[in-house]
Amino acid sequence: MTQPVKITVTGAAGNIAYSLLWRIAAGDVYGKDTPVDLALLEIPAAVGKAQGVAMELNDSALPLVNSITVTDDVREAFENTSAAFLVGARPRSKGMERADLLEANGAIFTTQGKAINDYAARDVRVLVVGNPANTNALIAANNAPDLDDSQFNALMRLDHNRTLSQLALKTGKSTTDFTKVAVWGNHSASQFPDITFSNAEVDQEWYREEMIPKVAKRGAEIIEVRGSSSAASAASAAVDHMHDWIHGTQDWRTAAVPSDGSYGVDKGLICGFPTICRDGKWEIVQGLELNEFQKERIEASVAELREEREAVADLL
Ligand SMILES: NC(=O)c1ccc[n+]([C@@H]2O[C@H](COP(=O)([O-])OP(=O)(O)OC[C@H]3O[C@@H](n4cnc5c(N)ncnc54)[C@H](O)[C@@H]3O)[C@@H](O)[C@H]2O)c1
């Protein structure tokens, strides 16, 4: 057994956390030989519910759980943390404009970015799940000047996994059979699931006309069919992302990381790219020759990321 590692989950009383915490506690992020100190952050009104979640975690008698802290205090939640899953966010309420949503979430991610900057372990990894995830991650990163921007990612692994799943369902193969799949852009309907470089042999019309919109609008479809938004699949993708960030990858994965200016994406925008993780760092796959269709689709999603950045310019 190694030393315990502290992991913070915000929005701990919410739906995603209810799945995510058990996967973390089972050792699916750091490994089965690493005990975890769990820090559960909530808003004051939901701390009671988060305490109930902690009681259930205790009742699960999970061998890797070293301690559980429930708090509404950002310092206590982030102090010395090595991995932070920023799940808690303000949902869009009736009549709320996109700009209002960005603004409301901006306040949360400004505060949390500052606290992570001041109190977290210097090599902390921060994965933003709460929507609008890419721009929330941009705000958090910009409010943590002592840390490197590359320590802040947004979750687009769910979009990646949805792409693999659609390919598997279409071809009858396993999701693990497909290589070089990635989702570019924003975690929104403008995203571009890209199988151009993959080994998937599928009809191009199906890919462009059916698969791309299916994946891009999957979140809305889940809400329609299930009656509430994706939770277990989002938690599973968040675990996949953080696991691979720590342990590395051979093949491409989709991670929304700060752009280094590759492929015409403005430097600093937190954008979904084809990436490979080596030595604990995501590297954007370089040197890809993009066709016109790819360029158009990527540009459309990046344009949306620019608009979002514009809307929160005062928080950056
Ligand atoms: N990136 C992705 O792939 C992806 C996928 C699915 C959902 N999401 C997003 O994840 C977020 C959470 O989803 P959910 O289903 O768990 O929502 P939920 O409403 O069930 O839970 C959210 C929780 O966050 C808490 N919260 C709000 N502000 C907080 C703050 N400042 N600090 C700590 N906690 C806070 C709320 O009290 C609530 O308990 C949403 O924004 C959702 O849109 C992202």
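- Per an unreviewed UniProt entry, the protein chain is named Malate dehydrogenase, and its organism is Corynebacterium yonathiae.

## Quick look at the packing of helix α6 (residues 157-171) against helix α7 (residues 204-216)
At step 1: The geometry of α6 relative to α7 is characterised by a closest axis approach of 10 Å and an angle of 135 degrees between their N-to-C directions. One element, α6, and the other, α7, form an angle in the oblique class. Regarding α6 and α7, the two cross each other, and that crossing is right-handed. Contacts between α6 and α7 involve D159, R162, T163, Q166, L167 and K170 from the first element and W206, M211, K214 and V215 from the second.

## Description of the UniProt feature "domain: Lactate/malate dehydrogenase N-terminal" (unreviewed entry) in the protein chain
At step 1: The feature "domain: Lactate/malate dehydrogenase N-terminal" (unreviewed entry), as given by UniProt, occupies residues 5-145 in the numbering adopted here.
At step 2: Across residues 5-145, the secondary structure splits into 43% helix and 19% strand, with the terminal C-alpha atoms separated by 24 Å.

## Notes on the site of the ligand
At step 1: Around the ligand sit 23 residues in total, of which N15, I16, E42, V129 and N131 are the nearest.
At step 2: Between an oxygen atom of the ligand and a main-chain N or O atom of I16, the distance comes to 2.9 Å.
At step 3: Side-chain polar atom of H187 to an oxygen atom of the ligand: 3.3 Å apart, as the coordinates give it.
At step 4: Its free accessible area being 860 Å², the ligand has 82% of it covered by the protein chains.
At step 5: Every element with two or more residues in the shell around the ligand is listed here: α1 (15-25) and α4 (98-119).
At step 6: Grouping the constituent residues of the shell around the ligand by class yields 12 nonpolar, 10 polar and 1 charged.

Parameters at a glance
- Residues numbered from 1 in each chain as written.
- Predicted model: local features only at pLDDT ≥ 70, side-chain atom pairs only at ≥ 80, totals over all residues.
- Heavy atoms only, no water.
- Axes fitted to C-alpha atoms, helices over the stretch in contact; angles between N-to-C directions.
- Helix = DSSP H or I, 4+ residues; strand = E, 2+ residues; numbered from the N terminus.
- Parallel < 35°, antiparallel > 145°, perpendicular 65-115°, else oblique.
- Left-handed = near helix turned anticlockwise from the far one by under 90°.
- Contact = heavy atoms within 4.5 Å.
- UniProt positions renumbered as here; feature names shortened; annotations may be inferred.
- Near = heavy atom within 4 Å.
- Polar contact = N/O pair within 3.5 Å; in protein donor to acceptor, adjacent residues only side chain to side chain.
- Areas by Shrake-Rupley, 256 points an atom, 1.4 Å probe, with all protein chains shown as cover.
- Nonpolar A, V, L, I, M, F, W, Y, C, P; charged D, E, K, R; others polar.

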